[in-house]
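# Analysis of the macromolecular model
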Amino acid sequence: MNCGQARLRLGAEPDALDAGLRDHLARCPECRAFRDEMQCLERDVRRVLAPIPAAMGAPAWSPRRRLPRPGVPSWALAASVACVALAAALLWGLRPVPALARDVVAHVEGEPQSWSSTVVLPRAQVEQILWQDAGVKLAASADVVYARSCAFHGRHVPHLVVRTASGPVTVMVLRDERVPRAERFAIQGYSGILLPEPRGTIAVLERGEVDPARIAEQISRALGGMN
Amino acid sequence: MRNTPPELPVCLPGEPEAPQSVRAAERLFGRLRPQLLRFAFWLCRDRALAEDVVQEALLRAWRARDSLKDPAASRGWLLTIVRREHARLYERKRLETIDLERAIDEESAELAGGGAAEELGELRTAILKLPDEYRIPLTLQVMGGFSTAEIAAELQLSQAAVLTRLFRARNRLRVLYGLAPAPEEDPAP
């Protein structure tokens, strides 16, 4: 692989790191600098594309929205829907969402490929990341299909995706974060929970039908309560 | 492996079905709708149009929900349907030309409303100004998490062409950072 080919690849996939590219980067400081620039750009591109403005996500969707409802004037239906939506929005708006939860969602949004992993990783690989970043050991087996050491709030933290019977669940082990109590949240189509542990916080995030609290308890046990 | 998105509706709303699965599908679609809207916006650069695209895409998906075999792949499945609905919209009718500068100004405040990206206005504008041939693969990759092979299949391009388009997209954005554009190289054989 030459410099032109390496840069084409890095420009197309800034996080790519196959054997050929790794070999080239090991002996080419200019291309390493190029990769760093592209990864910096990529982080900002993800920050631009990821957030969802509240105004675009407000109305709920249902296939029944378009079905005719005999006997109910359309203006009355619209007014009812508007009232319910307004009340729901007001109630929901009053519920504070922890800043930590927002940061976790923003981070996960920046790694959309994590959700599509399907191959269960070797336990040793998962344990290494958990130990080096959070100092915790895996006390029980889990089907981890994605495991990375990610920069988060100025530190490296384990970012895992665990396969469950109900779909994939993201787990971030946040050693230096503290929450006073278990905090459930729902942001941008994700629901999750921040679970306080004796030595940090476990963040669990899902986007399907899994109960994040139940999964968080299981993860906590698998991590030995982060003791 | 992604589920194959539907080309045509395979069943109609109102068919007998277990209420629990209907409710589960409604919840799933409702939860993913904000992400689909955002994705559609970056495809068509117009909020009202994006809402139409997503509404049509969700109705199409609803009719074909039985073809979704793997719930874990639902997001990719729905994003693909949105992308195809967007392409269909352009095939069905010649859309009015929009004033891009005005559209960007109008949407800018709302896009920045996400909170995290307030200081990234120039980059946001630069992405909006990318031609479709660069912006759509970039959106599929970054927002959708599609691999270059999946983008190639979806856009009916060679994988080398997708790599080149993604490279050129980011190369244009590099200029914003005061970085010299990298010289272009033909894809490796």
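Residues numbered from 1 in each chain as written. Chains lettered and ligands numbered in written order. Predicted model: local features only at pLDDT ≥ 70, side-chain atom pairs only at ≥ 80, totals over all residues. Heavy atoms only, no water.

## Thoughts on the overall build of chain A
Spelled out, the test is: Helix and strand definitions here come from DSSP, where helices need a minimum of 4 consecutive H or I residues and strands a minimum of 2 consecutive E residues; each element is numbered from the N-terminal end. Exposed residues in this analysis have more than 50% of their type's maximum accessible area, buried residues have under 20%, and partly exposed residues fall in between, with area computed by a 1.4 Å probe over protein chains only. Every residue pair with non-hydrogen atoms within 4.5 Å of one another is taken to be in contact. The accessible surface values rely on the Shrake-Rupley method and a 1.4 Å probe; as for residues, cover is taken only from the protein chains in view.
The helix and strand tally for chain A stands at 8 helices and 6 strands. Each helix and strand of chain A, ordered N terminal to C terminal, gives the series α-α-α-α-α-α-α-β-β-β-β-β-β-α. The 227 residues of chain A split such that 48% are buried. For chain A, contacts bridging at least 24 residues in sequence account for 53% of all contacts bridging at least 6. When the accessible area of chain A is evaluated, it comes to approximately 11200 Å², of which 57% is carbon and sulfur surface.

## Focus on the overall build of chain B
Secondary structure summary: chain B contains 8 helices and 0 strands in total. The secondary structure elements of chain B, listed N-terminal to C-terminal, are α-α-α-α-α-α-α-α. Residues classed as buried in chain B amount to 50% of the 189 residues present. For chain B, long-range pairs separated by at least 24 residues make up 70% of all intrachain contacts whose partners lie at least 6 apart in sequence. Roughly 9000 Å² of accessible area belongs to chain B as shown, and the carbon and sulfur atoms make up 51% of that amount.

## Digging into the pattern of salt bridges
As a reminder, the rule being used: Every case where a carboxyl oxygen of Asp or Glu lies within 4 Å of a side-chain nitrogen of Lys or Arg is listed as a salt bridge.
By the definition in use, this model includes 15 salt bridges over all chains. Close ionic contact of Arg83(B) with Glu154(B) constitutes a salt bridge, the shortest N to O distance being 3.1 Å. You can see Arg83(B) sitting in helix α3 (residues 74-92) and its partner Glu154(B) sitting in helix α7 (residues 148-155), a full 71 residues away along the chain. Residues Arg83(B) and Glu154(B) agree in their burial class; the two are buried. Put simply, Glu85(B) and Arg88(B) hold a salt bridge, and the shortest N to O gap is 3.2 Å. With Glu85(B) and Arg88(B) both in helix α3 and 3 residues apart, this pair spans about one turn of that helix. For the pair formed by Glu85(B) and Arg88(B), the shared burial category is buried. Through salt bridges with shared partners, a single ionic network connects Glu42(A), Arg46(A) and Arg170(B).

## Digging into the packing of aromatic side chains
Defined as follows: The pairing test for Phe, Tyr and Trp rings, Trp by its six-membered ring, is centres within 6.5 Å, and the orientation test on the planes gives stacked under 30 degrees, edge-to-face over 60, and tilted for anything in between. Definition used: whenever NZ (Lys) or CZ (Arg) falls within 6 Å of the ring centre and also within 35 degrees of the ring normal, the charge is taken to sit over that ring.
Tallied over the entire structure, the rule returns 2 aromatic pairs over all chains. Taken together, a centroid distance of 6.0 Å and an interplanar angle of 25 degrees make the contact between Trp115(A) and Tyr190(A) stacked. On the criterion of sequence distance, the pair formed by Trp115(A) in the loop between α6 (99-109) and α7 (123-134) and Tyr190(A) in strand β5 (residues 190-197) is long-range, its members being 75 residues apart. Judged by relative accessible area, Tyr190(A) falls into the buried class, the value being 2%. When the centroid spacing of 5.8 Å and the interplanar angle of 80 degrees are considered together, the rings of Phe41(B) and Trp42(B) count as edge-to-face. Assessed through its relative accessible area of 1%, Phe41(B) is described here as buried. Judged by its relative accessible area of 0%, Trp42(B) falls in the buried class. The ring of Trp131(A) carries Lys137(A) above its face, with NZ or CZ at 5.6 Å from the centroid.

## Brief notes about the environment of Ala12(A)
By secondary structure assignment, the location of Ala12(A) is in helix α1 (residues 3-12). When its relative accessible area of 0% is taken as the criterion, Ala12(A) is described as buried. Distance in space between the C-alpha atoms of Ala12(A) and Met38(A) is 9.4 Å, their sequence separation being 26 residues. Those residues in contact with Ala12(A), other than ones at most four positions away along the chain, are Gln141(B), Leu163(B), Leu166(B), Phe167(B) and Arg170(B).

## A short note on the sheet that holds strand β1 (residues 144-152) of chain A
Residue and element names in this part refer to chain A. Selection criterion: What makes two strands pair is DSSP finding at least two bridges between them. Between N-to-C directions, angles span 0 to 180 degrees; the directions come from axes that are lines fitted to C-alpha atoms, helices contributing only their stretch in contact.
Read across the open sheet, the 6 strands follow the order β1-β2-β3-β6-β5-β4; overall the sheet is antiparallel. Both edges of this open sheet fall to β1 and β4 (183-187), since each of them pairs with a single strand only. Averaged over all pairs of adjacent strands, the angle between strand axes in this sheet comes to 20 degrees, irrespective of strand direction. Relative to strand β6 (residues 200-206), β5 runs antiparallel, the two sharing 7 bridges. Paired with leucine 194 across the strands is alanine 203, a residue of β6.

## Some words on the packing of helix α2 (residues 19-27) of chain A against helix α3 (residues 29-49) of chain A
Residues and elements named next belong to chain A. As a reminder of what qualifies: Note on angle classes: values under 35 degrees are labelled roughly parallel, values over 145 roughly antiparallel, values of 65 to 115 roughly perpendicular, and the remainder oblique. Side-chain classes are defined by residue name, with Ala, Val, Leu, Ile, Met, Phe, Trp, Tyr, Cys and Pro counting as nonpolar, Asp, Glu, Lys and Arg as charged, and the others, Gly among them, as polar.
Their axes nearest at 6 Å, the elements α2 and α3 cross at an angle of 115 degrees. On the basis of the axis angle, α2 is roughly perpendicular to α3. Between α2, through His24, Leu25, Ala26 and Arg27, and α3, the contact on the second element is made entirely by Pro29, Cys31, Arg32 and Arg35. Across the contact of α2 with α3, the residue classes break down as 4 nonpolar, 1 polar and 3 charged.

## A closer look at the side chain of Ser74(B)
Relative to the assigned elements, Ser74(B) resides in helix α3. Look at Ser74(B) and you get buried, because its relative accessible area is 6%.

## A few points about α7(B)
Residue and element names in this part refer to chain B. Formally: Read the arc as the range of directions from the helix axis to the C-beta atoms.
Those residues of α7 not exposed but buried are Thr148, Ile151, Ala152, Glu154 and Leu155. Take α7 and look down its axis: the buried residues cluster within an arc of 165 degrees, on one side only. Two residues or fewer after α7 comes glutamine 156, characterised by a positive phi angle close to 55 degrees.

Everything listed here is a matter of coordinates, which is why it stays silent on function.
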